[in-house]
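Observations on the model geometry
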Amino acid sequence: MLIKKLIYSKKFSNRILWHIAFWTARLLIISLSDDIWNHWPLSEILENFGKSINNYLPYIIITEIPYCYFVNYILFPKFLSRNRYRAFIISFISSTVIVTIIYLFYTYWHNNLKPADINFYFFWSLPQHFWLRRAPICCCIFLTIKVYKTMHLKEEEKRILVKANAETEIELLKAQIHPHFLFNTLNNIYSFTLNRSPKAKKLTSDLTGIMKYMMNDCNVELIALAKEIKMLLHYIELEKVRYGNLLLIQTDIRGDYKNKTITPLLMIPFAENSFKHGASKMLKDPWIKLSIQADETVLHFSLSNSKPPDKSVSKKGGIGLRNVRKRLELLYPQNHLLTIKSTENTFMVNMQIPLQYINDSDQYATKQKSTLL
């Protein structure tokens with residue numbers, strides 16, 4: 001965990017520690033590997049270990065460190081991260097040739113060689129040894145770590161962005177509760193109050209529950225499914241009042257939903273859409289059918305309603321439904337199902353999303369998700 005934290009951290013001090021740890025490990029590995037290869041028994045390895053460090057430290061400083069940082073911090077962002085592969089390969093090969101020449105000059109100077117010592121081994125075997133065991137291999141390891149780190153940071157940024165977008169979508173959904181709904185509900189409450197009807201108290205309680213839920217309860221990533229369903233039923237009851245017996249509403253809620261959680265405010269836009277574009281537009285026999293089935297790991301949500309035979313109505317729904325589709329793509333990528341179908345007289349929505357469990361300490365624990373698609 002400490003190594004992972006050092007690699008992925010954006011903190012400057014942690015990044016410095018990671019680089020120091022990397023080059024220290026590189027020095028130890030190259031020194032020990034050559035000692036083990038050239039010396040035995042263990043006493044000779046330990047005896048020559050200090051000498052090996054002194055020999056390889058200047059080499060690493062002169063060739064490997066400049067080469068690795070040039071490739072990773074200049075060539076990588078300039079070419080590879082921009083998908084300019086040909087330019088990267090040409091630059092990489094050129095820099096490798098240059099660092100190989102530097103390595104040969106350093107070897108010539110460090111070993112006090114003479115012009116007579118320049119032979120086939122010097123120009124052929126020594127560069128191969130350098131390419132297969134020295135700077136290029138080290139650079140590839142460094143580059144692999146950097147690419148993996150870049151991918152991880154992008155995924156982390158994407159996760160943060162998804163969370164921020166989801167929170168923004170929730171706030172938008174809160175603001176999108178149709179003003180006519182509040183206006184009509186308050187009018188109904190006022191009307192029942194004048195008539196001293198007991199329904200006024202029930203309507204006030206339902207409206208209070210909805211507003212409290214939206215302002216306080218759903219400011220979390222996950223909400224109890226039972227609360228979400230309760231709020232949805234309150235909403236339907238409040239809308240139903242202004243239709244009286246003219247509107248037929250059928251609800252079917254089944255399964256064990258009392259110990260499950262979902263993302264808040266996923267279902268109410270569909271209900272709002274069914275009233276706004278369905279029941280309120282019908283002059284005769286409006287109807288709405290709601291079905292919720294809570295399985296072990298999947299919530300099945302189905303809502304259909306009558307609608308006027310208006311061919312201009314979008315088959316994908318309005319802005320509210322498009323927002324829900326976008327939220328589902330952000331929250332459950334590749335792990336949800338949403339189908340919206342519009343016929344001449346009927347509008348139907350089917351949604352399937354993963355459910356999560358609440359454990360005994362009321363903390364949200366992820367239940368293994370089942371793939372829906």
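Structure shown above.
For the structure given in this document, a descriptive report is provided here. (Residues numbered from 1 in each chain as written. Predicted model: local features only at pLDDT ≥ 70, side-chain atom pairs only at ≥ 80, totals over all residues. Heavy atoms only, no water.)

**Here we look at the nonpolar core**
Proteins that are soluble and globular tend to have nonpolar side chains buried together. Cut-off, in case you're wondering: Among the buried residues, those of types Ala, Val, Leu, Ile, Met, Phe, Trp, Tyr and Cys that are joined through side-chain atoms within 4.5 Å form a nonpolar core. Using a 1.4 Å probe on the protein chains alone, a residue whose accessible area is under 20% of its type maximum counts as buried, one over 50% counts as exposed, and one in between counts as partly exposed.
Core analysis: the biggest nonpolar cluster contains 47 residues, and Met 267, Phe 270, Phe 275, Leu 299 and Phe 301 have the highest contact counts within it. Of all hydrophobic cores here, the second largest spans 28 residues; its members include Phe 22, Leu 75, Phe 76 and Ala 135.

**Focus on helix 4 (residues 85–110)**
Operational definition: The helix count covers DSSP runs of H or I at least four residues long, the strand count covers runs of E at least two residues long, and both are numbered beginning at the N terminus. Multiply 1.5 Å by the residue count of a helix minus one, and that product is the helix's expected span.
Over its 26 residues, helix 4 extends 36 Å from the first C-alpha to the last, a length consistent with the 38 Å expected when each residue adds 1.5 Å. Listed as buried for helix 4 are Phe 88, Ser 91, Ser 95, Thr 96, Val 99, Thr 100, Tyr 103, Leu 104, Tyr 106 and Thr 107. A positive backbone phi angle near 55 degrees is found at Asn 112, which sits one or two residues after helix 4.

**A few points about the pattern of salt bridges**
Just so we agree on the cut-off: We count a salt bridge whenever a side-chain nitrogen from Lys or Arg sits within 4 Å of a carboxyl oxygen from Asp or Glu.
Tallying each qualifying case throughout the model produces 3 salt bridges. Between Asp 206 and Lys 202 there is a salt bridge whose closest N-O contact spans 2.7 Å. In this pair, Asp 206 and Lys 202 are both assigned in helix 8 (residues 199–217), 4 residues apart and thus about one turn of the helix distant. On the basis of relative accessible area, Asp 206 is assigned to the buried category, the value being 3%.

**What to know about the packing of aromatic side chains**
Let me state the cut-off plainly: Any pair of Phe, Tyr and Trp rings, taking the six-membered ring for Trp, is counted once the centres come within 6.5 Å. Such a pair is stacked with planes under 30 degrees apart, edge-to-face with planes over 60 apart, and tilted for the rest. The criterion for a charge sitting over a ring is simple: Lys NZ or Arg CZ within 6 Å of the ring centre, and within 35 degrees of the ring normal.
Evaluated as defined, the whole model comprises 15 aromatic pairs. Considering the side-chain rings of Tyr 69 and Tyr 73, the 5.6 Å spacing of their centres and the 25 degrees angle between planes classify their relative orientation as stacked. One end of the pair is Tyr 69 and the other is Tyr 73, both in helix 3 (residues 42–78) and 4 residues apart, which spans about a single turn. A relative accessible area of 32% means that Tyr 73 is categorised as partly exposed. For the cation-ring pair, Lys 289 lies above Trp 287, with the distance from its terminal atom to the ring centre recorded as 5.3 Å.

**As for the side chain of Arg 134**
Heads up, the condition is: Side-chain atoms alone can form a polar contact between residues adjacent in sequence; in general such a contact is a pair of N or O atoms within 3.5 Å, and within protein one must be able to donate a hydrogen while the other accepts it.
For Arg 134, the position within the fold is in the loop between helix 5 (120–133) and helix 6 (135–175). Assessed through its relative accessible area of 4%, Arg 134 is described here as buried. In this structure the side chain of Arg 134 is engaged in a polar contact, spanning 3.2 Å, whose partner is the side chain of His 129.

**Structural notes on the pairing of strand 7 (residues 346–354)**
Threshold: DSSP bridges decide pairing: two strands pair if at least two such bridges lie between them.
Looking at chain direction, strand 5 (residues 298–306) and strand 7 are connected through 9 bridges and run antiparallel. Within strand 7, the position partnered with Val 298 by the bridge is Pro 354. Connecting the antiparallel pair strand 6 (residues 337–342) and strand 7 is a turn made up of 3 residues.

**Concerning helix 9 (residues 225–241)**
In this model, helix 9 (17 residues) spans 25 Å end to end at C-alpha, consistent with the 24 Å of a helix rising 1.5 Å per residue. Three or more residues of helix 9 are buried, namely Leu 225, Glu 228, Ile 229, Met 231, Leu 232, His 234, Tyr 235, Ile 236, Leu 238 and Glu 239.

**Regarding the environment of His 129**
Under the convention used in this document: Residue contacts are defined here by distance: any two heavy atoms, one from each residue, within 4.5 Å place the two residues in contact.
In this fold, His 129 is placed in helix 5. Take His 129: its relative accessible area is 24%, and that puts it in the partly exposed class. Excluding anything up to four places from it in sequence, His 129 contacts Tyr 103 and Arg 134.

**Description of the environment of Ser 306**
Relative to the elements of secondary structure, Ser 306 occurs in strand 5. Classification of Ser 306 by relative accessible area gives buried; the value is 3%. In the structure, Ser 306 is positioned 19 residues away from Trp 287 in sequence and 5.6 Å away in space, judged by C-alpha atoms. Setting aside chain neighbours within four positions, we find Ser 306 in contact with Gly 278, Ala 279, Met 282, Asp 285, Pro 286, Trp 287 and Asn 345. For Ser 306, the side chain forms a polar contact with the main-chain nitrogen of Trp 287, separated by 3.0 Å.

Scope: geometric values only; no functional claims are made or implied.
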